[in-house]
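Here are the chains, one letter per residue:
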Amino acid sequence: MKIFLKVHVLLLMISVVVSTSVSTSVYGQKDTSGLLKYKIKAAKQAFEIFPPDNYLYKECRNKIKIVSRSGSKIARVSVNGGTLFRKNDSIYYLDHLQGKELLLSVYSATAKGEKPELNKQYVIVPYPRLDFGGVKSDSAIVKPLLEGGMMSAHYDAVGKMSKVVSFKMDILSKGEFIKDSVMGNKLNARMREYVEKLPKGALVYFKDINYINPKGMIQSIPIFRVFVIAEDRTTLFGF
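Since the model is a prediction, treat every value here as computed from it, not as a measurement.

Basis of the calculations
- Residues numbered from 1 in each chain as written.
- Predicted model: local features only at pLDDT ≥ 70, side-chain atom pairs only at ≥ 80, totals over all residues.
- Heavy atoms only, no water.
- Helix = DSSP H or I, 4+ residues; strand = E, 2+ residues; numbered from the N terminus.
- Buried < 20%, exposed > 50% of the residue type's maximum accessible area, 1.4 Å probe, protein only.
- Contact = heavy atoms within 4.5 Å.
- Areas by Shrake-Rupley, 256 points an atom, 1.4 Å probe, with all protein chains shown as cover.
- Pairing = 2+ DSSP bridges.
- Arc of directions from axis to C-beta.
- Polar contact = N/O pair within 3.5 Å; in protein donor to acceptor, adjacent residues only side chain to side chain.
- Axes fitted to C-alpha atoms, helices over the stretch in contact; angles between N-to-C directions.
- Phe/Tyr/Trp six-rings, centres within 6.5 Å; stacked < 30°, edge-to-face > 60°.

*Asks:* Any chance you could explain the overall build of the protein chain here in plain terms?
*Replies:* Along the protein chain, the regular secondary structure elements total three helices and 17 strands. Within the protein chain, the fraction of its 239 residues that count as buried is 34%. Taking the intrachain contacts of the protein chain between residues at least 6 apart in sequence as the baseline, contacts between residues at least 24 apart amount to 56%. For the protein chain, the accessible surface area stands at approximately 15,800 Å², while carbon and sulfur atoms represent 57% of it.

This is the structure:
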């Protein structure tokens, strides 16, 4: 009888230990607080295009630079409107643009042939020739000329100048870009203060430039851009 009781008690203790172990194990499986979380980064594009904006000018030869970020070689670059000229391995000219938009496609060279890598949609901008203090768009300008010069619009074909009545300028303020606007054709005080702090090589964007056309109507040009240089002379910007 004593032996039976000892065996019974021993079995009961084993049952309790096993039950506790199973219960703890099940609870542990439900606790996901210690699981690792992973963030998947998007793959970088094989090619990058400069300037990075999406504007092409209809009445001038546009220059772009295509840079390989992966080591891949360019097999072909095509456009669906206008003409494309290749100057060297990375510089291309676009001219004789048609319509309102243009699609540029970049293909890389692989062992099996061409591989599509990048499509970029551009807006084609028709406009008279703008300049700021005599400096054309996509050219370099010194700070004093940018701070004290004037924006003007020219119709070279008919030899007429149009008055610029207002424009906006992208300004970095408190970590984000805002659009400051001015009535007239010169930078306001806030714009001049911003320009004074810009480093060499900075890209300055003017947007929504309003001018009076030869018929007396106000028209708008979406964008004009210049590069700030530190030298004491203004030169044509080149890659």
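*Asks:* Would you take a moment to explain the pairing of strand 5 (residues 83-86) for this structure?
*Replies:* Look at any regular strand and the pattern is simple: side chains alternate between the two faces of the sheet. Relative to strand 6 (residues 91-95), strand 5 runs antiparallel, the two being bridged by four bridges. Bridge pairing in strand 6 links L84 to L94. Between strand 5 and strand 6, which pair antiparallel one after the other, the connecting turn spans four residues.

*Asks:* How do you make sense of helix 3 (residues 189-196) when you look at a structure like this?
*Replies:* In an α-helix, one turn spans 3.6 residues; hence positions three or four apart end up facing the same way. Every buried residue of helix 3 is listed here: M191, Y194 and V195. Projected down its long axis, helix 3 carries its buried residues within an arc of 100°, all on one side. Residues of helix 3 that are buried in the fold lie against helix 2 (143-148), strand 14 (164-173) and strand 15 (176-183). Residue N188 occupies the N-cap position of helix 3, its side-chain oxygen lying 3.2 Å from the main-chain nitrogen of R190.

*Asks:* Whenever I open this one, the sheet that holds strand 9 (residues 129-132) confuses me. Can you help?
*Replies:* Pairing is antiparallel across the open sheet formed by four strands, whose spatial order is 10-9-12-13. At either end of the open sheet lies a strand with only one pairing partner, and these are strand 10 (135-136) and strand 13 (160-162). As judged from the two bridges shared by strand 9 and strand 10, these two strands associate in the antiparallel manner. Counted as the bridge partner of F132 is V135 from strand 10.

*Asks:* So what exactly am I meant to see when it comes to the sheet that holds strand 16 (residues 203-212) here?
*Replies:* Two orientations exist for strands paired in a sheet by backbone hydrogen bonds: parallel and antiparallel. Pairing within the open sheet is mixed, and its five strands lie in the order 11-17-16-14-15. Both edges of this open sheet fall to strand 11 (139-142) and strand 15, since each of them pairs with a single strand only. Strand after strand, the sheet turns through a mean of 35° between neighbouring axes, direction not considered. Sheet analysis places strand 14 next to strand 16, joined by four bridges and oriented antiparallel. What sits directly across from M169, in strand 16, is F206. Running over the sheet, helix 3 touches strand 14 and strand 15 and is turned about 45° from strand 14.

*Asks:* What am I meant to see in the side chain of S137 here?
*Replies:* Note that S137 resides in the loop between strand 10 and strand 11. Judged by relative accessible area, which is 15%, S137 ranks as buried. There is a polar contact of 3.5 Å between the side chain of S137 and the backbone nitrogen of R225. Excluding its chain neighbours within four sequence positions, the residues that come into contact with S137 are Y57, L130, F224 and R225.

*Asks:* Which parts of the structure should I look at to understand the packing of aromatic side chains?
*Replies:* The geometry of an aromatic ring pair is captured by the separation of the ring centres together with the interplanar angle, meaning the angle of the planes. The tally for this structure, following the rule as stated, stands at three aromatic pairs. With a centroid separation of 5.3 Å and an interplanar angle of 15°, the aromatic rings of F132 and F206 are classed as stacked. With F132 in strand 9 and F206 in strand 16, this pair connects stretches of sequence that are 74 residues apart. Overall, the relative accessible area of 0% leaves F206 in the buried class. On the basis of an interplanar angle of 55° and a centroid distance of 6.1 Å, the ring pair of F206 and F224 is categorised as tilted. Remark: F224 occurs in strand 17 (residues 218-229) and F206 occurs in strand 16; sequence separation between them is 18 residues.

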